[in-house]
Amino acid sequence: MTGAGGTREKKPSNFDSDLPPPPEQPKQGTFSSLRIRNYRLFFSGQVVNNVGTWMNRIAQDWLVFTLTGNNPVALGIAAALQFAPTLFLSLYGGVLADRLDKRKLLIGLQAAMAGCAVILGVLDVSGWVQLWQVYVICFVFGCFTAVETPVRQSFTSEMVGIGLVTNALALNSSSFNLARVVGPAVAGLLIIWVGTGMVFLINAVTTIAVITGLLLMRPSELHRGPAVARAKGQLREALRYVRGRADLVAVLSLVFCVSTFGITFFTTLAIMAANVFHKEADGYGLLSTMLAVGTLSGALLAARRSVRGKPKLRMVFGSALVFGVLEIGAGLMPTYLAFAIALVPVGVVVMTFMNTAITTVQLSVEQEMRGRVMGLYMLLFLGGNPIAGLLTGWLADQFGGRSTFYVGGAVSIIAAVVLGLILRWRASLPERRSAAQGEVRGTVRQEEGTTAQT
């Protein structure tokens, strides 16, 4: 709510006003966030659920390939439909995160996402599944994900407090990528043994772990700020806030370019496995696992670096530049084994970029704006995926599966260099203005002295 003079009046939260202050935070360390009970419950549930999520992604891609005869365009359409809702729902998800109890909201959203997996699994196991049904479920699941992601990201600081948010975000990535190591490999074997339908049903069961963790949390130990009251213009307010920050604009623009054109592995790895190296589902799973080995290593390195405090902007832009170079190099690998090995350093650097970017944004915004800014972040990070899915499918169909790595790497390099130079130029403006004003004042004093002598 905005009062006279444009100052924001903070209303007390309607769900935590009577709660005692949270406990004192532990000292920093690589795994320091895990000493906090609420976060430990969340982390353990996420590890189990993320394994199911990665199994679901592999099974979904392979089901689309099976239904279409390895058509990369169909796979691109499925990816586009799954990420399209981000374009119109992620900002709204950020608004809900600022207004509502994030823990309860996450419980409902996780249950809805599990329902999508159950429906797809039943259709597949029964033999009734058709391509249009997969497309519909991709879209519905994407709607829930678009709202859930900014809520979950902003909930991290509530569980651990702002002092440990860098460490917790890095451990979140470790959980995600630990599952990425296990999930695709297990999915590849299960698809061969029991089929894709059972993989979808197993994913639904794993959701129980994260819901249970959320239910067992102690609300009194959450680091909650005042709830933002419902009011008009809250999205515009967040956009104005970001627009006034050159550093946020540069980082968010870089995130959009790299995620849209560079981080397209959900689609490109299936294309490389099936169409370039002519492998089956287990070969695709192995490529995903090798990439995950790199991303897990990168996430653990980020957790270790978190004890040094807030990451520097040069780390964000430098990691994006190196990622682009390594992605092009991976696309040039001549054999399946060489390509798989090249994915490990690619994973390390891409996770370094993702962690430093999201941490920079989270630590640079006010608490009452965090949900909405994270909604904008996720819009830019995931909102380009519909474009990426269609573009990747078209590029692979027209120019071969390797072309997607060349284009993605080139765009990442150009974006890192151009946006980095622009930000550096903007940062130097105050100094140049001050120097120019000093020269003008010196000239004026010199002219006044000359006039006095005359």
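Enquirer: Hey, could you run me through the overall build of the protein chain in this one?
Expert: Tallying secondary structure elements over the protein chain gives 16 helices and zero strands in all. Carbon and sulfur atoms provide 65% of the accessible area of the protein chain, an area that totals close to 19700 Å².

Enquirer: Please clarify how helix H12 (residues 313–331) should be interpreted in this entry.
Expert: Think of an α-helix as 3.6 residues a turn; residues three or four steps apart then line up on the same face. End to end, H12 covers 28 Å across 19 residues, agreeing with the expected 27 Å (1.5 Å per residue, within 8%). Within the span of H12, buried status applies to Val316, Phe317, Ser319, Ala320, Phe323, Gly324, Glu327, Ala330 and Gly331. All buried residues of H12 lie within an arc of 160 degrees about the axis, which places them on one face of the element.

Enquirer: Where do I start with the pattern of salt bridges in this structure?
Expert: Any two side chains of opposite charge can pair if their charged atoms end up close together. Under the criterion given, the structure shown has six salt bridges. In this structure, Lys102 and Glu158 form a salt bridge, with 2.8 Å as the shortest nitrogen-oxygen distance. With Lys102 in helix H4 (residues 102–126) and Glu158 in helix H5 (residues 131–160), the pair connects residues that are 56 residues apart, well separated along the chain. Judged by relative accessible area, which is 9%, Lys102 ranks as buried. With a shortest N-O distance of 2.8 Å, Glu148 and Arg152 are connected by a salt bridge. Of this pair, Glu148 and Arg152 both sit in helix H5, four residues apart, which is roughly one turn of the helix. One salt-bridge network, held together by shared partners, links Asp98, Glu237 and Arg372.

Enquirer: Just checking my understanding: could you explain a nonpolar patch on the surface for this structure?
Expert: Residues Val125, Leu189, Ile192, Trp193, Val194, Met198 and Ile202 make up a contiguous nonpolar surface patch of roughly 670 Å² in combined accessible area. For the nonpolar patch, the secondary structure elements donating two or more residues are helix H6 (165–193) and helix H7 (196–215). Ranked by residues supplied to the nonpolar patch, first place goes to H6 with three residues. Position of Leu189 relative to the elements: it lies in helix H6. Here Leu189 falls in the partly exposed class, since its relative accessible area comes to 41%.

Cut-offs used in this document
Residues numbered from 1 in each chain as written. Predicted model: local features only at pLDDT ≥ 70, side-chain atom pairs only at ≥ 80, totals over all residues. Heavy atoms only, no water. Helix = DSSP H or I, 4+ residues; strand = E, 2+ residues; numbered from the N terminus. Areas by Shrake-Rupley, 256 points an atom, 1.4 Å probe, with all protein chains shown as cover. Expected span 1.5 Å × (residues − 1). Buried < 20%, exposed > 50% of the residue type's maximum accessible area, 1.4 Å probe, protein only. Arc of directions from axis to C-beta. Salt bridge = Lys/Arg side-chain N within 4 Å of Asp/Glu carboxyl O. Patch = residues over 30% accessible without salt bridge, like charges linked within 9 Å, V, L, I, M, F, W, Y side chains within 5 Å.

Interpretation in functional terms is not warranted from these geometric data alone.
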